[in-house]
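Given next are the chains, with one letter for each unit.
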Amino acid sequence: KILVGPQALSTIEGFAKEKEEQGGGPIINKKIFRLDDKELLVLVTKPAGKTKVHLATDLTEPVTLHWALSRNPGEWLAPPPSLLPPLSTSAEKAIDTQFVCISDDPSYKVQSVEIEIGDESFVGMPFVLLSGRGWIKNKGSDFYAEFCVGAKQALKDAGDGRGTVLALWDKM
């Protein structure tokens, strides 16, 4: 009989687990995107009633987050200046924010950005990444972090058939 031990977590999965265990409020949305042989974590939490977006990647070159906010999915609205994290500059209808390395350990190379959204009228955050390789998108489209609980994507990913009708309905 062959016993298979638990699979080791990737660097980004480990970072996500640490964030979740820190108890930063209820998790609203969590996705890990593949970026060739690297990963991008999008974790949306709601500590003390304020939406917080955590992004992290194990890309080795410097990364810039090009982002905005939306009141309706798909729109790009420049965030109010009060929401801008450190290392941010204003671009047309968007903000550029530098990811920051959180470890000097070469075996645990993670860059991250945290953005706190106090305004409840925003429903999501469209974004793309810029690195030495150029623009990084989600299969040719913008990435999108949803701020609502029980987003349709979560239902589609349930794996037990729930949400299948919604997924088909959305395509009609």
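Residues numbered from 1 in each chain as written. Predicted model: local features only at pLDDT ≥ 70, side-chain atom pairs only at ≥ 80, totals over all residues. Heavy atoms only, no water.

Q: Before we go on, may I ask you to explain the pattern of salt bridges in this structure?
A: Pairing is possible between side chains that carry opposite charge, provided their charged atoms lie close to one another. Inspection of every chain in the model, using the stated rule, returns six salt bridges. For the salt bridge of E39 with R34, the shortest nitrogen-to-oxygen distance reads 3.2 Å. A salt bridge links K50 to E116; the shortest N-O distance between them is 3.8 Å. Of this pair, K50 sits in the loop between β2 (38-45) and β3 (51-57) while E116 sits in strand β8 (residues 111-117); the two residues are 66 residues apart in sequence, bridging distant segments of the chain. (Salt bridge = Lys/Arg side-chain N within 4 Å of Asp/Glu carboxyl O. Helix = DSSP H or I, 4+ residues; strand = E, 2+ residues; numbered from the N terminus.)

Q: Please explain unusual backbone geometry as it appears in this structure.
A: Glycine aside, the phi torsion of most residues is negative, and most peptide linkages are trans. Positive phi values are uncommon outside glycine, yet D36 reaches one of about 55°. Tracing the sequence through the fold places D36 in the loop between β1 (27-35) and β2. The class for D36 is exposed, based on a relative accessible area of 63%. The backbone of L87 shows a phi angle near 65°, a positive value even though the residue is not glycine. Relative to the assigned elements, L87 resides in the loop between β4 (64-67) and β5 (88-91). Overall, L87 belongs to the exposed group, its relative accessible area being 54%. (Buried < 20%, exposed > 50% of the residue type's maximum accessible area, 1.4 Å probe, protein only.)

Q: Help me understand the pairing of β3, please; the structure alone is not making it clear to me.
A: Looking down a regular strand, the side chains alternate between one sheet face and the other. Most of β3 is tucked away: six of the seven residues are buried. Sheet topology note: the β2/β3 ladder contains six bridges and is antiparallel. Paired with V42 across the two strands is L55, which belongs to β3. Between β2 and the antiparallel strand that follows it, β3, lie five residues; A48 among them carries a positive phi value of about 50°. (Pairing = 2+ DSSP bridges.)

Q: I keep staring at the nonpolar core and nothing clicks. Help me out?
A: Soluble globular proteins tend to pack their nonpolar side chains together in the buried interior. Ranked by size, the top nonpolar core spans 27 residues in total, and within it L40, L55, L65, M125, F127 and L129 carry the most contacts. Residue assignment for this core shows that the elements contributing at least two residues are β1, β2, β3, β4, β8, β9 (124-131) and β11 (143-146). In contact with M125, not counting residues within four places along its chain, are V53, L55, L65, W67, A68, L69, S70, I115, F143, Y144, A145 and F147. Judged by nonpolar contacts, the second largest core, of seven residues, contains A16, L41, A56 and V110. (Core = buried A, V, L, I, M, F, W, Y, C linked by side-chain atoms within 4.5 Å. Contact = heavy atoms within 4.5 Å.)

Q: Please clarify how the sheet that holds β2 should be interpreted in this entry.
A: The pairing of strands in a sheet comes from backbone hydrogen bonds and takes either a parallel or an antiparallel form. Here five strands make up an open sheet; going across it, the order is β1-β2-β3-β8-β7 and the pairing antiparallel. Of all the strands in the sheet, just β1 and β7 (100-101) have a single pairing partner and so form its edges. Each of β1, β2, β3 and β8 is contacted by helix α1 (residues 11-21), which is oriented at about 15° to β2, the strand it contacts most. (Axes fitted to C-alpha atoms, helices over the stretch in contact; angles between N-to-C directions.)

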